[in-house]
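Architecture and fold: a report
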Amino acid sequence: MEAYDLGVIGAGPGGYVAAIKAAQLGLKVVLFEKRERLGGTCLNIGCIPSKALLSSSHLYAQIVNESASHGIRLGKAELDIPAMMKRKEQVVEKLTGGIASLMKGNKVTVVRAEASVPAPGRISAGGDEYRVKNILLATGSVPVELPFMPFDHSSIVDSTDALAFEAVPKRLLVVGAGIIGLELGSVWARLGSEVEVVELLDDLLPDWDRQAAKLMRRELTTQGLKFSFKTKVTGVRNEKNELILEAEDSSGKAREFRGEKILVAVGRKPAYGGIDLESLGVRTEKGRIVTDADFKTSASGIYAIGDLISGPMLAHKAEEEGVALAEKLAGKAGHVNYAALPGVLYTHPEAAMVGRTEEELKAEQRPYRKGVFQFGVNGRALAGGESAGFAKVLSDAETDRILGVHIVGDHASDLIHEAITVMEFSGSAEDLGRSFFAHPTLSEAVKEAALAAYDRGIHSL
């Protein structure tokens, strides 16, 4: 039986990144993946295919709604859903194939079979057994299914199904106003579906800055999405080939929503596959594996990262945890700065955030300063027809250290990293505001917000 320093179960962003980094640091690594392609949920049925469809649907919406204002007159735009899906698959195949090449280049042994852990130090897969010094669990997560409304993967669907519709549904009901529901709802609304989002809470994006959430709600409503908040889904029935979503509002009054398909997007839960955590002595709380600061579980030699442990279920979180764990196993000082962990909503406009919200700072009674700059007075945003949005910088009232940044607008997912870099070095709003920013750029909105946080903005009153 061949021996390895590290056995990684799950080839998603956390697992494959950990495998690469550990191999680069001189460890002998074996990676197990039950899917035909590497990359996990993110690359195969999550982050990447959804962004491909978001890009395609945004382009279609621009052609239909905005080309004339740019002086470009076109005939009637026609949808080709099979071609759109083919492009999505080509993107996925290119990236997953790239990961396979990375495994080969870094001399990581890949076993394409579902793995189990008979005991610490041993992994069983494909009829073979592997001896490993350390085991990393990185098996990711799956969509949460409502017990009274199970997925049939045809009319009642999860996020994976909603990435592969063969035609635009006439009416799509989305249960859940979180990131997954809003992104996929946006895709099909842009392509012509009547989309209604039903949410138990009183607003979308509950953990985000309220100013950002309010603006996103307004923009998505303008784009045709309908929202019903404070509404509890209770069941579903089928009448004459039409789905009736049963619900009740906050007063207990019954409500009904009609649709061709129902996308249930109420969250995700850890997926452990064939791994028996209890028999291994791996402790869990509320369905997630309990780990220490070094990602160690309660079982000797077994570690866990990503969606399996506490914190938001984000691919980039799993990646950084994978790198940090590999460094720790190699005797180095691996570290993850969760205070600089960004969140992104890839609708249009995009929304991005990092650090604290105003609501959190007020609840903590922590003195802070705020600077806000609107995209509506940013030259590049106006020239590009992307005036919706703002940048907000929150800093400590005494030290000026940046505590949080919130952006709604075109390319917010890229702009947020300017702030993250400053925050990684415990920088201040003045540090960010006094840095050079090319003109004209969308980035200048972030600079102006930082200027306003520590002193006064130049291009706003």
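One structure accompanies this document, and this report is about it. (Residues numbered from 1 in each chain as written. Predicted model: local features only at pLDDT ≥ 70, side-chain atom pairs only at ≥ 80, totals over all residues. Heavy atoms only, no water.)

Now for the packing of aromatic side chains. What the rule picks out here adds up to 4 aromatic pairs. Where Phe 32 meets Tyr 130, the ring centres are 5.1 Å apart and the plane angle is 75 degrees; that geometry is what we call edge-to-face. A residue pair is termed long-range when its members are at least 10 positions apart, and Phe 32 in strand E2 (residues 29-32) and Tyr 130 in strand E6 (residues 128-137) qualify at 98 residues. Of the two residues examined, Phe 32 and Tyr 130, each falls in the buried class. Here Phe 165 and Trp 188 contribute two aromatic rings whose centre-to-centre distance is 5.1 Å and whose plane-to-plane angle is 45 degrees, an arrangement assigned as tilted. Placement of the pair is Phe 165 in the loop between helix H5 (159-162) and strand E9 (171-175) and Trp 188 in helix H6 (residues 179-190), with a sequence separation of 23 residues. Both residues of the pair, Phe 165 and Trp 188, count as buried. Linked through ring pairs, Tyr 4, Phe 32 and Tyr 130 together constitute an aromatic cluster. Positioned over the ring face of Tyr 4 is Lys 28, at 5.1 Å from the centre of the ring. Just above the ring of Phe 165 sits the side chain of Lys 261; from NZ or CZ to the centre is 5.1 Å. (Phe/Tyr/Trp six-rings, centres within 6.5 Å; stacked < 30°, edge-to-face > 60°. Helix = DSSP H or I, 4+ residues; strand = E, 2+ residues; numbered from the N terminus. Buried < 20%, exposed > 50% of the residue type's maximum accessible area, 1.4 Å probe, protein only. Lys NZ or Arg CZ within 6 Å of the ring centre and 35° of its normal.)

The next point concerns the packing of helix H1 (residues 13-24) against helix H9 (residues 315-329). Where H1 contacts H9, the axes come no closer than 7 Å and their chain directions differ by 30 degrees. Between H1 and H9, the interaxial angle falls into the category roughly parallel. When the axes of H1 and H9 are compared, the crossing they make is right-handed. Contacts between H1 and H9 pair Pro 13, Gly 14, Tyr 16, Val 17, Ala 18, Lys 21 and Ala 22 from the former with Ala 315, Ala 318, Glu 319, Gly 322, Val 323, Ala 326 and Glu 327 from the latter. Looking at the contact of H1 with H9 residue by residue, the classes come out as 9 nonpolar, 2 polar and 3 charged. (Axes fitted to C-alpha atoms, helices over the stretch in contact; angles between N-to-C directions. Parallel < 35°, antiparallel > 145°, perpendicular 65-115°, else oblique. Left-handed = near helix turned anticlockwise from the far one by under 90°. Contact = heavy atoms within 4.5 Å. Nonpolar A, V, L, I, M, F, W, Y, C, P; charged D, E, K, R; others polar.)

What follows is about the sheet that holds strand E15 (residues 261-264). With parallel pairing, the 5 strands of this open sheet are ordered in space as E8-E15-E9-E10-E11. The open sheet has two edge strands with one neighbour each: strand E8 (156-157) and strand E11 (226-228). (Pairing = 2+ DSSP bridges.)

Once that is clear, we can look at the packing of helix H3 (residues 47-65) against helix H4 (residues 81-105). Contact geometry for H3 and H4: axes closest at 9 Å, N-to-C directions at 140 degrees. Considered as vectors, H3 and H4 are oriented oblique to each other. Between H3 and H4 lies a crossing whose hand is right-handed. Here H3 contributes Ile 48, Pro 49, Ala 52, Leu 53 and Ser 56 to the contact with H4, which in turn contributes Met 84, Met 85, Arg 87, Lys 88, Val 91, Val 92 and Leu 95. Across the contact of H3 with H4, the residue classes tally to 9 nonpolar, 1 polar and 2 charged.

With that settled, consider the environment of Lys 328. Note on placement: Lys 328 falls in helix H9. Sequence separation of Lys 328 and Phe 295 is 33 residues, and the distance between their C-alpha atoms is 9.5 Å. Residues in contact with Lys 328, not counting those within four places in the same chain, are Ala 293, Asp 294, Phe 295 and Gly 334. Here the side chain of Lys 328 touches Gly 334 through a polar contact of 3.1 Å, landing on its backbone oxygen. (Polar contact = N/O pair within 3.5 Å; in protein donor to acceptor, adjacent residues only side chain to side chain.)

Another aspect to go through is the side chain of Glu 444. Along the chain, Glu 444 falls in helix H14 (residues 444-454). For the buried Glu 444, no salt bridge exists, and the shortest N-O distance to an oppositely charged side chain is 7.7 Å, to Lys 447. Every residue in contact with Glu 444, bar those within four places of it in the chain, is listed here: Asn 378, Phe 437, Ala 438 and His 439. (Lys, Arg positive; Asp, Glu negative; His and termini not counted. Salt bridge = Lys/Arg side-chain N within 4 Å of Asp/Glu carboxyl O.)

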